[in-house]
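If you want the building blocks of each chain, they are given just below.
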Amino acid sequence: MISEIAAWLFALFVVDPLHAEIRERVDAANLPVQALQQSQQCVAAHGPRLLQRAGEEPVWATGTAIGIATGWTSPTTLFDTSDPNCAALTQIFQGERGDAEA
């Protein structure tokens, strides 16, 4: 039961907001629709694996959700950057950080 709650909370506080944030960043950066599609494909491909891990490792799920919600952890650490779709997602998040630092 705890594992189901952890997976649900992980989806609620990490996966769902990530979809919205991706769309917001792509729109704000005026990136091509392809970048949005690639990032959504990354989340769709890796999301179920992350939810499974969250169910199996509630402590990891809780710590990761808190880290991402507070900004201590980048959402890009959740995805395989060797996947071309996830590489696009990483660039979206790193590009915004680079703009904020300048």
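Residues numbered from 1 in each chain as written. Predicted model: local features only at pLDDT ≥ 70, side-chain atom pairs only at ≥ 80, totals over all residues. Heavy atoms only, no water.

1. Side note on the overall build of the chain
Definition in use: The secondary structure listing takes helices from DSSP runs of H or I that are at least 4 residues long and strands from runs of E that are at least 2 residues long, numbered from the N terminus. Computation of the radius of gyration draws on C-alpha atoms alone. For the globule rule, the value is 2.2 Å times the number of residues to the power 0.38. For every residue, the accessible area obtained with a 1.4 Å probe (protein chains only) is divided by the maximum for its type, and the residue is called buried under 20%, exposed over 50%, and partly exposed between those limits. Every residue pair with non-hydrogen atoms within 4.5 Å of one another is taken to be in contact. In this description, accessible areas are obtained by the Shrake-Rupley approach with a 1.4 Å probe, and a residue is regarded as covered only by the protein chains that are shown. His is not counted, nor are the chain ends; Lys and Arg add positive charge and Asp and Glu add negative charge. Charge coordinates come from a single atom per side chain, which is NZ of Lys, CZ of Arg, CG of Asp or CD of Glu.
Within the chain one finds four helices and zero strands. Listed by position from the N terminus, the elements making up the chain come as α-α-α-α. Relative to its length of 102 residues, the chain is compact, with a C-alpha radius of gyration of 14 Å against a globular reference of 13 Å. Dimensions along the principal axes, computed over C-alpha positions, put the chain at roughly 45 × 25 × 20 Å. Split into buried and exposed, the 102 residues of the chain put 38% on the buried side. Considering only contacts in the chain between residues 6 or more positions apart, those separated by 24 or more positions represent 67%. When the accessible surface of the chain is split by element, carbon and sulfur atoms take 57% of a total near 6,200 Å². Across the chain, the centroid of the 5 positively charged side chains sits 2 Å from that of the 12 negatively charged ones.

2. Let's talk about the environment of Gln-91
You can see Gln-91 is positioned in helix 4 (residues 84–101). Given the relative accessible area of 58%, Gln-91 is considered exposed. Taking the C-alpha atoms as reference points, Gln-91 and Ser-39, 52 residues apart in sequence, are found 9.8 Å from one another.

3. So, the environment of Ala-7
For Ala-7, the position within the fold is in helix 1 (residues 2–29). Taking the C-alpha atoms as reference points, Ala-7 and Arg-53, separated by 46 residues in sequence, lie 7.9 Å from one another.

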